[in-house]
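# Structural description and commentary
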Amino acid sequence: MKAPASGPKAMATMAAEEPSEGLRKPAARKPNRTAKSNTSSVAKRPAELPKDALLDLYQTMLLVRRAEQRLSALFADGEIPGFIHLSIGQEAVAAGVCQALAAQDSIASTHRGHGHSLAKGVDLEAFFLEIMGKREGICGGRGGSMHVADMAVGMLGANGIVGAGLSLALGSALAHQLRRERRVVAAFFGDGAMAEGLLHECLNLAALWKLPLLFVCENNGWSEFSPTSRQFAGSLEGLAKTFGIPYRRVDGNDVEAVALAATAAVEVARGGGPQALECMTGRVRGHFEGDPQRYRDAEELAQLPKIDPIPRAAARLRALKVSAAALQELSEKVDRRIEAAVARGRQGTLPDFQEALADVYTRPSTSPRAGV
Amino acid sequence: MAETRYVKAITAALADSLASDSRVILFGEDVARPGGPFNATKGLLEQFGPDRVRDTPISEAAIVGAAVGAAMSGLKPVVEIMFMDFTTLAMDALVNQAAKARFMFGGQCSVPMVLRAPHGAGVNAGPQHSQCLEAWFAHIPGLKVVCPATPADAYGLLRSAIDDPDPVIYVEHKALYGTKGEMPEPCPLVPIGQARIARAGTDISIVTYGAMLHTCLGAAEKLAAEGVDAEVIDLRSLQPWDEAAVLASLSRTHRLLLVHEAVEAFGVGAEIAARMADAGFDELDAPIVRVGAPFMPVPFAKSLEAQYVPSEARILEAARRVLA
Ligand SMILES: Cc1ncc(C[n+]2csc(CCOP(=O)(O)OP(=O)(O)O)c2C)c(N)n1
Ligand SMILES: [Mg+2]
């Protein structure tokens, strides 16, 4: 296939020509015998993106990667309390899907949601402040990594409950539909959530009500310490087919493929009717930071750098005549932004307990005991 | 002033809220075309159309989760869970999502939704269709819980719950649906968190809510015949509950009896008793006594259920203990 003219329209047209689109059978697979990664089940993608769009995606992925690497270091140094779940190696999913969305569209995310947040436009400083537990954080330091949300950019929240974002997205899509807003909601969920009954309920309701909802499965092959093969006997494709929901599967480490498929799906969803997109990717880090991953094969882990979406996108950009110097400059710019955000995070103040206590309800409750 | 049935008061409140606020929508199992399993939503589909009044499949978790998401996105959903027992299937949406969104997102959004759920025994619906689970929800910071006993309160509290910016669990009693009571026209809103003195008295405070109000009023009349002037307080709201009103009543009577249909152990009465044993210690002339259901599932057989639900006789016996 030839390179497209440009713009999201062209992207959509191309992705619509993808063999695995809709309810048709996926294209015959050519399994890659050497790399046994989770992405090897995906057909080769013929489509291409215009240079500027790819550059945007690259920048987003880099921002997410460097932010999470920094979070990892801060966590190790004890500057971040609690749990953090990193999406290193999965950045193409967040970047590709969020690029397909308009500013007024919304997303619901998961416990592994840093990439989704940053790709949807959550302010970097408010993001770091939150995860570092500061009052100036986007959620006042009350949510942390697992609950980053920013209603102003349509980020309905990371979620500590596997699958819970699905029904929030469903309700948000219902609100958009009733107000005739032509807004789309993307619900990110992990492969682990495929075993949750709530997914079944939401697929059914979204299909019955023809909601503008994009189901995005970020299939990284693992849920916690168990591989998907031991968790789920079905397939998202099969589920989608059952509910009459058009389904696409893409190589989730190919940011162009994700963006093209997501753009095509979003365009259809905007007209009404849910869509499903399964992005095959791989989890690089442990389930949470500090997880030594003893349950994983050394061989599987060794394959992951080979399918890293960031060098892949860089290689494509180089082929599109983006200079190494330009990529280097971009990388330094991202690093400077992150260092500034970390510095800001460190300057943040500690949340006030009384302020938090007074904010459980919108209005101070009538009970004199409230808040005790 | 006109006599209205409890269920009709609920329908009227829903209709008035739908009419006055375009953000209000209704959904649940069989609420639209069939008009609701207990007829509480009868006629609303015809009046407000399928966008705003819709039937859902049997998907409690998604129904309530969708209500949370819709509320976060600017609507005011009112959802019905057919029997309170089925809220068990929607617990995550209520407890982890609705209750916490405002707090954990730093006040960025609120969740203005109402969940209507009928509770209570009295219709021989058996162990899985009769429970009073309101204490669970009253235990969750971020949720509000109300439980009207009369048509006027059913109307006034439902309007307030729908207007409220935070999630409210609105508990109805199945056995009350057909009961009648005065409902002023226009019917005033009842503020959440305000109890009502249902019967003024000086000798003992009987604090209750929901269908038990009527049993307690009956018991109070029997006590009157014995020369005891009981005050009956209808809490109406359980979270927040009107501590000031209960304390004021206790300060008048110096004796406190707590009555609810829910299982006595770890119930609403336990919370009130503990608070009054502290804040009201100087006022107490007798131990605080509770009357609730025994620690067992709600039984089916008429004869068993009749013994399970706190009776006038049990309330009288407990009152005499407090008065002794
Ligand atoms: C309802 C629920 N059950 C269990 C957990 C514990 N838990 C957190 S993440 C996780 C695995 C989720 O796997 P997946 O959906 O594939 O997401 P991933 O971690 O791979 O991004 C589990 C079991 C939870 N948070 N919520
Ligand atoms: Mg996974």
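Residues numbered from 1 in each chain as written. Chains lettered and ligands numbered in written order. Predicted model: local features only at pLDDT ≥ 70, side-chain atom pairs only at ≥ 80, totals over all residues. Heavy atoms only, no water.

## Overview of the overall build of chain B
Broken down by element type, chain B carries 11 helices and 14 strands. Computed over its C-alpha atoms, the radius of gyration of chain B comes to 19 Å, within 12% of the 20 Å expected for a compact globule of 324 residues. Across the 324 residues of chain B, 62% fall into the buried class. Sequence separation of at least 24 residues holds for 81% of the intrachain contacts in chain B that already meet a minimum separation of 6. Of the roughly 11500 Å² of accessible surface on chain B, 56% is carried by carbon and sulfur atoms. Here chain B holds 27 positive side-chain charges and 38 negative ones, and the gap between their average locations is 3 Å. (Helix = DSSP H or I, 4+ residues; strand = E, 2+ residues; numbered from the N terminus. Rg over C-alpha atoms; globule rule 2.2 N^0.38 Å. Buried < 20%, exposed > 50% of the residue type's maximum accessible area, 1.4 Å probe, protein only. Contact = heavy atoms within 4.5 Å. Areas by Shrake-Rupley, 256 points an atom, 1.4 Å probe, with all protein chains shown as cover. Lys, Arg positive; Asp, Glu negative; His and termini not counted. Charge placed at Lys NZ, Arg CZ, Asp CG, Glu CD.)

## Some details on the sheet that holds strand β7 (residues 275-280) of chain A
Residue and element names in this part refer to chain A. Strand order across the open sheet formed by five strands is β1-β2-β3-β7-β6, with parallel pairing between neighbours. One side of each edge strand has no neighbouring strand; the edge strands of this open sheet are β1 (106-108) and β6 (247-251). Neighbour-to-neighbour, the strand axes of this sheet turn through a mean angle of 20°, independent of strand direction. Bridge analysis of strand β3 (residues 213-219) against β7 gives six bridges, and the strand direction is parallel. Within β7, the residue paired with Leu 214 across the bridge is Gln 275. Sheet strands touched by helix α9 (residues 255-270): β3, β6 and β7. Its angle to β6, the strand with the most contacts, is close to 165°. (Pairing = 2+ DSSP bridges. Axes fitted to C-alpha atoms, helices over the stretch in contact; angles between N-to-C directions.)

## Here's the deal with the interface of chain A and chain B
How big an interface is tends to be reported as the loss of accessible area on association of its parts. In this complex, chain A contributes 43 residues to the contact, which on the side of chain B involves 49 residues. A combined buried area of about 3600 Å² lies between chain A and chain B, and 60% of that area is made up of carbon and sulfur atoms. Notably, a salt bridge pairs Asp 51 of chain B with Arg 180 of chain A, separated by 2.9 Å at the nearest N-O pair. Linking chain A to chain B there are 16 residue pairs in polar contact (both at pLDDT 80 or more). (Buried area = accessible area lost by both parts, 1.4 Å probe. Salt bridge = Lys/Arg side-chain N within 4 Å of Asp/Glu carboxyl O. Polar contact = N/O pair within 3.5 Å; in protein donor to acceptor, adjacent residues only side chain to side chain.)

## Describing the environment of Ala 324 of chain A
Residue and element names in this part refer to chain A. Position of Ala 324 relative to the elements: it lies in helix α12 (residues 324-347). Relative accessible area serves as the criterion here: at 44%, Ala 324 is assigned to the partly exposed category. Between the C-alpha atom of Ala 324 and that of Pro 292, which follows or precedes it by 32 residues, the distance is 35 Å.

## Quick look at the coordination of the magnesium ion (ligand 2)
In this structure, Asp 191 of chain A (OD), Asn 220 of chain A (OD1) and Trp 222 of chain A (O) serve as the protein donors to the magnesium ion (ligand 2), at separations of 2.0 to 2.1 Å. Owing to a relative accessible area of 11%, Trp 222 of chain A belongs among the buried residues under this scheme. (Donors = N, O, S within 2.8 Å, 3.2 Å for Na, K, Ca; no water.)

## Topic: the confidence of the model for chain B
Close reading of the predicted structure is inappropriate where its pLDDT is low. When pLDDT is averaged across chain B, the result is 98; 100% of the residues are at 70 or more. Scored by ipTM, the complex comes to 0.96, with pTM at 0.93. (pLDDT = per-residue confidence, 0-100.)

## Regarding helix α11 (residues 309-319) of chain A
All names here are of chain A. Looking only at α11, the buried set comprises Pro 309, Ile 310, Ala 313, Ala 314 and Leu 317. Along the long axis of α11, the arc covered by the buried residues comes to 135°, so they all point the same way. Taken together, the buried residues of α11 touch α2 (51-76), α3 (91-100), α9 and α12. Structurally, the start of α11 carries an N-cap: the backbone nitrogen of Ile 310 is 2.9 Å from a side-chain oxygen of Asp 308. Positive phi appears at Lys 321, one or two residues downstream of α11, with a value of about 75°. (Arc of directions from axis to C-beta.)

## Thoughts on the site of ligand 1
Residues and elements named next belong to chain A. If you check the shell around ligand 1, you find 15 residues, and the closest are His 111, Arg 112, Gly 192, Asn 220 and Trp 222. At 2.7 Å, a side-chain N or O of His 111 approaches an oxygen atom of ligand 1. Residue Arg 112 places a side-chain N or O atom 2.7 Å away from an oxygen atom belonging to ligand 1. Here ligand 1 loses 74% of its free accessible area of 580 Å² to cover by the protein chains. The residue inventory of the shell around ligand 1, partitioned by class, reads four nonpolar, seven polar and four charged. (Near = heavy atom within 4 Å. Nonpolar A, V, L, I, M, F, W, Y, C, P; charged D, E, K, R; others polar.)

## Regarding the sheet that holds strand β13 (residues 256-263) of chain B
Residue and element names in this part refer to chain B. Here five strands make up an open sheet; going across it, the order is β9-β11-β10-β13-β14 and the pairing mixed. Looking along the sheet, the strands with just one partner apiece sit at the ends: β9 (196-199) and β14 (289-293). On average, each strand axis in the sheet is tilted by 25° relative to the strand beside it, whichever way the strands run. Sheet topology note: the β13/β14 ladder contains four bridges and is parallel.

## With respect to the nonpolar core
Membership of the largest hydrophobic core comes to 165 residues, with the highest contact counts inside it found for Val 97, Phe 128, Leu 213 and Phe 215 of chain A together with Met 113 of chain B. A per-element tally of this core places α2 of chain A first, with 12 residues. When residues of this core are assigned to domains, at least three fall in each of domain 1 (2-183) and domain 2 (196-323) of chain B. If sequence neighbours within four positions are ignored, Met 113 of chain B has contacts with Val 64, Ala 67, Val 68, Ala 71, Pro 77, Val 79, Leu 94, Ala 98, Asp 166, Pro 167 and Val 168 of chain B. Residues Ala 9, Leu 14, Val 53 and Val 146 of chain B belong to the second largest nonpolar core, which totals 35 residues. (Core = buried A, V, L, I, M, F, W, Y, C linked by side-chain atoms within 4.5 Å. Domains from an automatic or database assignment.)

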